[in-house]
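# Observations on the model geometry
The chain contents come next:
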Amino acid sequence: MAETFPVQRTCPFAPPPEYERMREQAPLVRAALPGGEVWLVTRLAEAKQVLAGGGISTSPSTPGHPNAALSADGGRTPEQHAVLGRFTAGHFIDLDPPEHSRFRRLLIPEFTVRRVKELRPGIQRLVDGLIDDMLAQGPEAELVEAFGLALPSLVICQLLGVPYADREFFQSRTRSIVAARHPQEAYAAVVEIMTFLDELITETERRPQDDLLGRLILNGGLTHDELVGVTFLLLVAGHETTANMIPLAALTLMRHPDQLAALRADPGGWPMAVDELLRYHSIVDWVAFDRVATEDQEIGGQLVRRGEGIFVLGASANRDELAFERPDEFDVGRGARHHVAFGYGVHQCLGQNLARAELEISLRTLFERIPGLRVTVADEELPAKYDGAIFGLKAMPVTW
Ligand code: HEM
């Protein structure tokens, strides 16, 4: 019988409880959505096979795409629809090769390990500035707003060369996109940001500098509207994800004081710890992993036919007992880099090196500079986005 889907998380530290049962049942299980049936992929090997991309499409316009069974327009106004429509050209996360490869080729040099290494001192300065502010206003803070949400939008500002005077505007609108209570509120903020990026790019086109936007302009290959769409995608993809991970990761480390102490004693362990935090939380789950088969194929012993929709359960694959020992345990020493928290294959997260650097620098510095940091409410009282597309906490009151 088909599973009922979607299902929700009930605890900040675990995927939806149904995932374990589905995983035991099979690597691919059938699920009933309001608009039709789809396949759910529960295990890591099969998740990687699907995400690798052969005979698989991610484009919502491919017949059978599973979002057709889920999506709603959310009541955009005609003006908002026009702005959003104009810049979908650069939204390459929804494109298949070869169109997708054109964008990816131009952007990969901007996110290499070497390029991110150059960005690290700037990230460290931003982190220190936010912690200075928290300490000045303390000894209490709300970590999601003061730290989690603030850092990624400042990093993106730095990356895109957003003038200092515009940062407050940029930050408040990106916060509205993430924290909107109603789709209308989010669309309004999206339109404002897109209009802002449109103007920023027009200005940069006149005087391109040696920064990400300047290089994309000078290298050519993208139209103005595609550039606006690409920068907007970078903003959206890199903002809520990192913003949600920082407080959740801080919480998990506070709940495992022995492992935090080991990291303090040996900061060389941070990169491995960051990958374990990404695996353990798997904040990006099936919503990002929407695919459709473009040819008949066998996946995990199951025949999947052309035109059948697939959701990869990233949060289940990252708890697959065939791929990780004691998968429900948090263990910063496990070496979890083969996780799919950043996806896999064609669309694997373009910003993963940057995200790893942001997480490592923010968490290490937070616990170095505020060693007595603690949450002021019980875990059950922390408000969480159980129904959100990306999992995270809505607020986390802390003191020191
Ligand atoms: C903890 C932070 C992050 C997580 C967990 C995350 C997760 C993901 C995942 C799962 C995908 C794959 C989606 C798919 O398969 O369709 C993805 C794609 C992407 N991410 Fe990230 N991401 C993070 C941070 C960032 C950052 C900081 C940036 C850039 C500033 C970024 C930019 C992108 C882009 C552009 C794509 C689309 C790649 C493509 O389609 O080729 N992400 N991310």
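Coordinates for the structure precede this section.
Note that the coordinates shown come from a computational prediction; the quantities given were computed from them, not determined experimentally.

### A short note on the site of the ligand
- Residues in contact with the ligand amount to 26 residues; listed here are only the nearest, His100, Arg104, Arg291, His347 and Cys349.
- Between the ligand and His100, the relevant distance is 2.6 Å, taken from an oxygen atom to a side-chain nitrogen or oxygen of the residue.
- With respect to the ligand, the side chain of Arg291 contributes an N or O atom lying 2.7 Å from an oxygen atom.
- In terms of residues, the shell around the ligand owes the most to one element, helix α11 (residues 224-254), which gives six residues.
- Of the residues that constitute the shell around the ligand, the class distribution is 17 nonpolar, seven polar and two charged.

### With respect to the pattern of salt bridges
- The tally for this structure, following the rule as stated, stands at 28 salt bridges.
- Glu276 is paired through a salt bridge with Arg279; the nearest N and O atoms lie 2.8 Å apart. Of the two residues, Glu276 and Arg279 are both situated in helix α13 (residues 270-281); the distance of three residues between them amounts to about one turn of the helix. This pair shows no difference in class: Glu276 is buried, exactly as Arg279 is.
- A salt bridge links Arg305 to Asp296, with the nearest nitrogen and oxygen atoms 3.7 Å apart.
- Note on Asp296: relative accessible area 44%, which makes it partly exposed.
- Members of the salt-bridge network, linked through shared partners, are Glu110, Arg115, Glu118, Asp210 and Arg215.

### Observations concerning the nonpolar core
- Core analysis: the biggest nonpolar cluster contains 88 residues, and Phe147, Phe170, Leu197, Leu253, Leu366, Phe367 and Met396 have the highest contact counts within it.
- With 16 residues, α11 is the largest single contributor of residues to this core.

### Considering the side chain of Arg23
- Mapped onto the elements of the fold, Arg23 is located in helix α1 (residues 18-25).
- Residue classification places Arg23 among the buried residues on the basis of a relative accessible area of 3%.
- For Arg23, the contacting residues outside a window of four places in its chain are Thr42, Arg43, Ser316, Arg319, Asp320 and Glu321.

### Here we look at the sheet that holds strand β10 (residues 374-375)
- Taken together, the three strands give an open sheet; going across it, the order is β5-β11-β10, and neighbouring strands pair in antiparallel fashion. The sheet terminates laterally at β5 (140-142) and β10, the two strands that pair on one side only.
- In this structure, β5 lies alongside strand β11 (residues 397-399), joined through three bridges in antiparallel fashion. What sits directly across from Ala141, in β11, is Val398.

### What to know about unusual backbone geometry
- Residue Pro97 is joined to Pro98 through a cis peptide bond whose omega torsion reads 5°.
- Position of Pro98 relative to the elements: it lies in the loop between α3 (78-86) and α4 (99-107).
- The omega angle of the peptide bond from Gly138 to Pro139 is 15°, so this bond is cis rather than trans.
- By the element assignment, Pro139 lies in the loop between α5 (113-137) and β5.
- At Ser282, a residue that is not glycine, the phi angle is positive and equals roughly 40°.
- Tracing the sequence through the fold places Ser282 in the loop between α13 and β6 (290-293).
- In this structure, Arg326 takes a positive phi of about 40° despite not being glycine.
- Tracing the chain through its elements places Arg326 in the loop between α14 (314-317) and α15 (352-369).

### Observations regarding the coordination of the iron atom of the ligand
- Just one protein atom donates to the iron atom of the ligand; it is Cys349 (SG), sitting 2.3 Å from the metal.
- Position of Cys349 relative to the elements: it lies in the loop between α14 and α15.

### Here's the deal with the sheet that holds β6
- With respect to topology, six strands assemble into an open sheet ordered β1-β2-β3-β9-β6-β4, the strand pairing being mixed. At either margin of the open sheet sits one strand with a lone partner, and together these are β1 (3-4) and β4 (56-57).
- Bridge count between strand β2 (residues 28-33) and strand β3 (residues 36-41): six bridges; the pairing is antiparallel. Bridge pairing in β3 places Ala31 opposite Val38.
- Here helix α2 (residues 44-52) sits on the sheet and contacts β2, β3, β4, β6 and β9 (309-312); the angle it forms with β9, its principal contact strand, is near 125°.

### Considering the side chain of Thr365
- Its location among the elements puts Thr365 in helix α15.
- Judged by relative accessible area, which is 2%, Thr365 ranks as buried.
- Here the side chain of Thr365 touches Ile361 through a polar contact of 2.5 Å, landing on its backbone oxygen.
- Not counting chain neighbours up to four residues away, the residues in contact with Thr365 comprise Gln124, Val127, Asp128, Ile131 and Ile370.

### Description of the pairing of β6
- Neither face of β6 is left uncovered, since the one carrying Asp290 and Val292 and the one carrying Arg291 and Ala293 both have all their residues buried.
- When β4 meets β6, the two strands line up antiparallel, connected through two bridges. Within β6, the position partnered with Ser57 by the bridge is Val292.
- Where β6 meets β9, three bridges bridge the pair, whose relative direction is antiparallel. Residue pairing across strands places Asp290 opposite Phe311, the latter belonging to β9.

### Overview of the packing of α4 against α11
- The contact between α4 and α11 brings their axes to 13 Å, and the two run at 70°. Here α4 is positioned roughly perpendicular relative to α11, judged by the angle of their axes. Crossing angle aside, the handedness with which α4 passes α11 is right-handed. Note on element contacts: α11 touches α4 through Glu226, Val230 and Leu234, opposite Arg102, Phe103 and Leu107.

About the thresholds
- Residues numbered from 1 in each chain as written.
- Predicted model: local features only at pLDDT ≥ 70, side-chain atom pairs only at ≥ 80, totals over all residues.
- Heavy atoms only, no water.
- Near = heavy atom within 4 Å.
- Polar contact = N/O pair within 3.5 Å; in protein donor to acceptor, adjacent residues only side chain to side chain.
- Helix = DSSP H or I, 4+ residues; strand = E, 2+ residues; numbered from the N terminus.
- Nonpolar A, V, L, I, M, F, W, Y, C, P; charged D, E, K, R; others polar.
- Salt bridge = Lys/Arg side-chain N within 4 Å of Asp/Glu carboxyl O.
- Buried < 20%, exposed > 50% of the residue type's maximum accessible area, 1.4 Å probe, protein only.
- Core = buried A, V, L, I, M, F, W, Y, C linked by side-chain atoms within 4.5 Å.
- Contact = heavy atoms within 4.5 Å.
- Pairing = 2+ DSSP bridges.
- Donors = N, O, S within 2.8 Å, 3.2 Å for Na, K, Ca; no water.
- Axes fitted to C-alpha atoms, helices over the stretch in contact; angles between N-to-C directions.
- Parallel < 35°, antiparallel > 145°, perpendicular 65-115°, else oblique.
- Left-handed = near helix turned anticlockwise from the far one by under 90°.

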